[in-house]
Amino acid sequence: MMPKKEQRALLILERLKARYPEPETHLDHQTPWELLVATVLAAQCTDERVNKVTPELFRRWPGPAELATAPQEELEEVVHSTGFFRNKAKNLIAAAGRVMSAYGGEVPRTMAELVTLPGLARKTANVVLWGGFGINEGMAVDTHVKRIAFRLGLTGSGDPVQVEKDLLPLFPEAEWGNVNHRMVWFGRHVCDARKPDCDHCEMLDICPRCGVGPAACHAACDVACASEAKAKRPRTPRKKSTK
(Lines give C-alpha, C1' and ligand atoms only; values in the text may rest on other atoms or scores of the structure.)
Protein backbone atom coordinates (compact mmCIF):
# COMPACT_ATOMS: atom_id res chain seq x y z
CA MET A 1 0.00 0.00 0.00
CA MET A 2 1.25 3.48 -0.89
CA PRO A 3 2.17 5.50 2.23
CA LYS A 4 0.15 8.66 2.88
CA LYS A 5 1.56 11.89 1.56
CA GLU A 6 2.95 13.08 4.92
CA GLN A 7 4.67 9.74 5.57
CA ARG A 8 5.91 9.59 1.99
CA ALA A 9 7.48 13.05 2.27
CA LEU A 10 9.52 12.04 5.33
CA LEU A 11 10.67 8.85 3.62
CA ILE A 12 11.64 10.87 0.55
CA LEU A 13 13.63 13.28 2.73
CA GLU A 14 15.40 10.39 4.47
CA ARG A 15 16.41 8.82 1.17
CA LEU A 16 17.50 12.12 -0.37
CA LYS A 17 19.69 12.74 2.68
CA ALA A 18 21.28 9.31 2.24
CA ARG A 19 22.07 10.06 -1.41
CA TYR A 20 23.18 13.67 -0.86
CA PRO A 21 24.53 14.05 2.71
CA GLU A 22 25.95 17.53 2.09
CA PRO A 23 23.88 19.30 -0.57
CA GLU A 24 24.88 22.66 -1.96
CA THR A 25 24.10 24.89 -4.88
CA HIS A 26 25.82 24.29 -8.20
CA LEU A 27 26.40 28.02 -8.63
CA ASP A 28 29.90 29.22 -7.72
CA HIS A 29 29.84 32.18 -5.32
CA GLN A 30 31.67 33.70 -2.37
CA THR A 31 29.14 36.24 -1.10
CA PRO A 32 25.35 36.69 -0.98
CA TRP A 33 25.66 39.31 -3.71
CA GLU A 34 27.52 36.91 -6.00
CA LEU A 35 24.86 34.25 -5.38
CA LEU A 36 22.13 36.77 -6.22
CA VAL A 37 23.80 37.68 -9.51
CA ALA A 38 24.48 34.06 -10.42
CA THR A 39 20.89 33.04 -9.64
CA VAL A 40 19.48 35.80 -11.83
CA LEU A 41 21.74 34.70 -14.68
CA ALA A 42 20.73 31.04 -14.19
CA ALA A 43 17.17 31.70 -15.37
CA GLN A 44 16.70 29.63 -18.55
CA CYS A 45 20.41 28.81 -18.47
CA THR A 46 22.58 26.01 -17.11
CA ASP A 47 24.59 26.47 -13.93
CA GLU A 48 27.67 25.30 -15.83
CA ARG A 49 27.33 28.16 -18.31
CA VAL A 50 26.72 30.70 -15.52
CA ASN A 51 29.89 29.53 -13.73
CA LYS A 52 31.87 30.27 -16.88
CA VAL A 53 30.47 33.81 -17.09
CA THR A 54 30.60 35.03 -13.49
CA PRO A 55 34.40 35.08 -12.98
CA GLU A 56 34.80 37.77 -15.64
CA LEU A 57 31.70 39.61 -14.45
CA PHE A 58 32.97 39.78 -10.86
CA ARG A 59 36.47 40.72 -12.04
CA ARG A 60 35.07 43.80 -13.77
CA TRP A 61 32.34 44.62 -11.25
CA PRO A 62 33.11 42.96 -7.87
CA GLY A 63 30.05 44.20 -5.98
CA PRO A 64 26.81 46.17 -6.23
CA ALA A 65 28.62 49.53 -6.01
CA GLU A 66 30.57 48.79 -9.18
CA LEU A 67 27.74 47.05 -11.04
CA ALA A 68 25.30 49.89 -10.35
CA THR A 69 27.35 52.16 -12.63
CA ALA A 70 28.27 49.56 -15.25
CA PRO A 71 27.49 50.43 -18.89
CA GLN A 72 24.62 48.15 -19.87
CA GLU A 73 26.16 47.36 -23.26
CA GLU A 74 29.34 46.07 -21.60
CA LEU A 75 27.41 43.92 -19.14
CA GLU A 76 25.28 42.56 -21.97
CA GLU A 77 28.43 41.47 -23.76
CA VAL A 78 29.69 39.60 -20.69
CA VAL A 79 26.39 37.79 -19.95
CA HIS A 80 25.37 37.28 -23.59
CA SER A 81 25.83 33.50 -23.55
CA THR A 82 23.37 33.05 -20.63
CA GLY A 83 20.41 34.05 -22.81
CA PHE A 84 17.92 36.88 -22.36
CA PHE A 85 21.05 38.97 -21.87
CA ARG A 86 19.46 42.40 -22.34
CA ASN A 87 16.85 41.81 -19.68
CA LYS A 88 19.33 40.24 -17.31
CA ALA A 89 21.84 43.06 -17.71
CA LYS A 90 19.16 45.71 -17.22
CA ASN A 91 17.78 44.01 -14.10
CA LEU A 92 21.18 43.38 -12.53
CA ILE A 93 22.22 47.01 -12.91
CA ALA A 94 18.90 48.17 -11.49
CA ALA A 95 19.10 45.65 -8.63
CA ALA A 96 22.61 46.80 -7.79
CA GLY A 97 21.42 50.42 -7.76
CA ARG A 98 18.57 49.58 -5.37
CA VAL A 99 20.85 47.59 -3.08
CA MET A 100 23.09 50.65 -2.86
CA SER A 101 20.34 53.26 -2.45
CA ALA A 102 17.86 51.38 -0.26
CA TYR A 103 19.99 48.88 1.67
CA GLY A 104 23.35 50.54 2.14
CA GLY A 105 25.18 48.23 -0.23
CA GLU A 106 24.13 45.07 1.65
CA VAL A 107 21.91 42.35 0.20
CA PRO A 108 18.67 42.42 2.23
CA ARG A 109 17.82 39.43 4.42
CA THR A 110 14.04 39.18 4.09
CA MET A 111 11.74 37.93 1.38
CA ALA A 112 9.72 41.15 1.44
CA GLU A 113 12.82 43.24 0.74
CA LEU A 114 14.46 40.92 -1.79
CA VAL A 115 11.45 40.77 -4.08
CA THR A 116 11.59 44.57 -4.43
CA LEU A 117 14.84 44.19 -6.37
CA PRO A 118 14.39 44.21 -10.16
CA GLY A 119 14.62 40.72 -11.64
CA LEU A 120 14.06 38.90 -8.35
CA ALA A 121 10.95 36.82 -7.82
CA ARG A 122 10.17 34.49 -4.94
CA LYS A 123 12.22 31.56 -6.25
CA THR A 124 15.41 33.60 -6.58
CA ALA A 125 14.81 35.25 -3.20
CA ASN A 126 14.50 31.83 -1.54
CA VAL A 127 17.79 30.72 -3.10
CA VAL A 128 19.58 33.86 -1.86
CA LEU A 129 18.10 33.69 1.64
CA TRP A 130 19.11 30.08 2.19
CA GLY A 131 22.37 29.98 0.23
CA GLY A 132 23.55 33.41 1.31
CA PHE A 133 22.31 33.64 4.90
CA GLY A 134 21.02 30.22 5.98
CA ILE A 135 17.50 31.66 6.32
CA ASN A 136 14.41 29.60 5.46
CA GLU A 137 11.37 31.71 4.61
CA GLY A 138 10.15 29.30 1.96
CA MET A 139 11.36 26.79 -0.62
CA ALA A 140 12.71 27.62 -4.06
CA VAL A 141 10.67 25.78 -6.69
CA ASP A 142 12.43 25.43 -10.03
CA THR A 143 11.67 23.04 -12.88
CA HIS A 144 13.36 20.10 -11.11
CA VAL A 145 11.53 20.59 -7.81
CA LYS A 146 8.21 21.11 -9.57
CA ARG A 147 8.65 17.99 -11.70
CA ILE A 148 9.81 15.70 -8.90
CA ALA A 149 7.21 16.90 -6.39
CA PHE A 150 4.51 16.13 -8.97
CA ARG A 151 5.88 12.73 -9.92
CA LEU A 152 6.15 11.75 -6.26
CA GLY A 153 2.55 12.77 -5.67
CA LEU A 154 3.42 15.58 -3.25
CA THR A 155 1.50 18.15 -5.28
CA GLY A 156 -1.08 18.14 -8.03
CA SER A 157 -0.18 21.61 -9.27
CA GLY A 158 2.18 22.90 -11.93
CA ASP A 159 2.20 26.42 -10.52
CA PRO A 160 5.46 27.07 -8.58
CA VAL A 161 3.73 29.21 -5.94
CA GLN A 162 1.14 26.51 -5.23
CA VAL A 163 3.78 23.77 -5.32
CA GLU A 164 5.72 25.65 -2.64
CA LYS A 165 2.58 25.95 -0.52
CA ASP A 166 1.97 22.22 -0.90
CA LEU A 167 5.54 21.24 0.00
CA LEU A 168 6.23 23.45 3.02
CA PRO A 169 3.90 21.64 5.47
CA LEU A 170 5.37 18.27 4.43
CA PHE A 171 8.97 18.97 5.47
CA PRO A 172 10.58 20.38 8.64
CA GLU A 173 11.31 24.10 8.25
CA ALA A 174 15.02 23.56 8.93
CA GLU A 175 15.16 21.32 5.84
CA TRP A 176 13.42 23.60 3.31
CA GLY A 177 16.57 25.00 1.71
CA ASN A 178 18.29 21.63 1.48
CA VAL A 179 15.17 19.91 0.14
CA ASN A 180 15.47 22.23 -2.84
CA HIS A 181 19.16 21.44 -3.38
CA ARG A 182 18.63 17.70 -2.98
CA MET A 183 15.68 17.63 -5.38
CA VAL A 184 17.64 19.59 -7.97
CA TRP A 185 20.53 17.12 -7.80
CA PHE A 186 18.10 14.19 -7.82
CA GLY A 187 16.35 15.63 -10.86
CA ARG A 188 19.62 15.85 -12.74
CA HIS A 189 21.05 12.48 -11.72
CA VAL A 190 17.98 10.20 -11.53
CA CYS A 191 14.56 11.74 -12.23
CA ASP A 192 15.35 13.22 -15.62
CA ALA A 193 12.62 15.20 -17.36
CA ARG A 194 12.57 12.98 -20.45
CA LYS A 195 14.01 9.67 -19.25
CA PRO A 196 13.60 9.12 -15.50
CA ASP A 197 15.72 6.19 -14.32
CA CYS A 198 12.89 4.53 -12.40
CA ASP A 199 14.52 1.07 -12.38
CA HIS A 200 17.46 2.39 -10.36
CA CYS A 201 15.55 4.87 -8.20
CA GLU A 202 15.43 4.46 -4.42
CA MET A 203 11.98 6.11 -4.43
CA LEU A 204 10.41 3.43 -6.65
CA ASP A 205 8.42 1.66 -3.90
CA ILE A 206 6.88 4.91 -2.61
CA CYS A 207 6.48 6.78 -5.90
CA PRO A 208 3.08 6.86 -7.65
CA ARG A 209 4.97 7.95 -10.79
CA CYS A 210 2.51 10.70 -11.61
CA GLY A 211 2.79 11.65 -15.26
CA VAL A 212 5.36 8.93 -15.97
CA GLY A 213 5.05 5.72 -17.95
CA PRO A 214 1.93 3.86 -19.07
CA ALA A 215 -1.66 4.64 -18.18
CA ALA A 216 -1.44 2.32 -15.18
CA CYS A 217 1.04 4.69 -13.56
CA HIS A 218 -1.28 7.62 -14.11
CA ALA A 219 -4.15 5.59 -12.69
CA ALA A 220 -2.11 4.70 -9.61
CA CYS A 221 -1.39 8.39 -9.05
CA ASP A 222 -5.05 9.31 -9.52
CA VAL A 223 -6.10 6.67 -7.00
CA ALA A 224 -3.53 7.82 -4.46
CA CYS A 225 -4.53 11.48 -4.83
CA ALA A 226 -8.25 10.66 -4.68
CA SER A 227 -7.72 8.55 -1.58
CA GLU A 228 -5.87 11.34 0.19
CA ALA A 229 -8.48 13.91 -0.80
CA LYS A 230 -11.25 11.65 0.47
CA ALA A 231 -9.45 11.14 3.79
CA LYS A 232 -9.24 14.91 4.31
CA ARG A 233 -12.85 15.55 3.34
CA PRO A 234 -14.99 16.37 6.39
CA ARG A 235 -17.63 13.80 7.12
CA THR A 236 -21.26 14.86 6.92
CA PRO A 237 -23.15 13.61 9.96
CA ARG A 238 -26.01 11.31 9.17
CA LYS A 239 -29.48 12.62 9.73
CA LYS A 240 -31.43 10.80 12.35
CA SER A 241 -34.51 9.00 11.11
CA THR A 242 -37.79 10.59 12.06
CA LYS A 243 -39.64 7.31 11.73
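Residues numbered from 1 in each chain as written. Predicted model: local features only at pLDDT ≥ 70, side-chain atom pairs only at ≥ 80, totals over all residues. Heavy atoms only, no water.

### A closer look at the overall build of the chain
Each helix and strand counted, the chain has 12 helices and 0 strands in total. Overall, the chain shows an N-to-C arrangement of helices and strands of α-α-α-α-α-α-α-α-α-α-α-α. For the chain, restricting intrachain contacts to residue pairs at least 6 apart in sequence, the fraction spanning at least 24 positions comes to 60%. Total accessible area on the chain is roughly 13500 Å²; 53% of this is exposed by carbon and sulfur atoms. (Helix = DSSP H or I, 4+ residues; strand = E, 2+ residues; numbered from the N terminus. Contact = heavy atoms within 4.5 Å. Areas by Shrake-Rupley, 256 points an atom, 1.4 Å probe, with all protein chains shown as cover.)

### Examining the pattern of salt bridges
According to the stated counting rule, one finds 8 salt bridges in the structure shown. Across the pair Arg-188 and Asp-47 runs a salt bridge whose closest N-O atoms are separated by 3.0 Å. In this pair, Arg-188 is assigned in helix H11 (residues 176–189) and Asp-47 in helix H3 (residues 47–60), connecting sequence segments 141 residues apart. For Arg-188, a relative accessible area of 35% puts it in the partly exposed group. Residue classification places Asp-47 among the buried positions, given a relative accessible area of 13%. Here the salt bridges share partners, and the residues they tie into one network are Lys-17, Glu-175 and Arg-182. (Salt bridge = Lys/Arg side-chain N within 4 Å of Asp/Glu carboxyl O. Buried < 20%, exposed > 50% of the residue type's maximum accessible area, 1.4 Å probe, protein only.)

### Topic: the side chain of Thr-124
For Thr-124, the location among the structural elements is in helix H8 (residues 122–133). Excluding its chain neighbours within four sequence positions, the residues that come into contact with Thr-124 are Thr-39 and Val-40.

### Side note on the side chain of Arg-182
One can find Arg-182 in helix H11. With residues up to four places along the chain from it excluded, the contact list for Arg-182 reads Leu-16, Lys-17, Tyr-20, Pro-21, Pro-23 and Glu-175.

### Some words on the state of the cysteines
Throughout the structure, instances matching the rule amount to 0 disulfides. Lacking any disulfide linkage, Cys-198 is separated from the closest cysteine sulfur, that of Cys-201, by 6.5 Å. (Disulfide = S-S within 2.5 Å.)

### Some remarks on the packing of helix H2 (residues 32–41) against H3
One way to put it is that H2 packs onto H3 with a least axis distance of 10 Å and a crossing angle of 135 degrees. Accordingly, the angle class assigned to the pair H2 and H3 is oblique. As for how H2 packs across H3, the hand of that crossing is right-handed. Contacts between H2 and H3 pair Glu-34, Val-37, Ala-38 and Leu-41 from the former with Val-50, Val-53, Thr-54, Leu-57 and Phe-58 from the latter. (Axes fitted to C-alpha atoms, helices over the stretch in contact; angles between N-to-C directions. Parallel < 35°, antiparallel > 145°, perpendicular 65-115°, else oblique. Left-handed = near helix turned anticlockwise from the far one by under 90°.)

### Quick word on the environment of Glu-175
Its place among the elements puts Glu-175 in the loop between helix H10 (160–167) and H11. Residue Glu-175 is classed as buried on the basis of its relative accessible area, which comes to 15%. C-alpha separation for the pair Glu-175 and Asn-136, spaced 39 residues apart in sequence, amounts to 8.3 Å. Discounting residues that sit within four places of it in the chain, Glu-175 has contacts with Leu-13, Lys-17, Asn-136 and Arg-182. Among the polar contacts listed, one links the side chain of Glu-175 to the side chain of Lys-17, at a separation of 2.8 Å. (Polar contact = N/O pair within 3.5 Å; in protein donor to acceptor, adjacent residues only side chain to side chain.)

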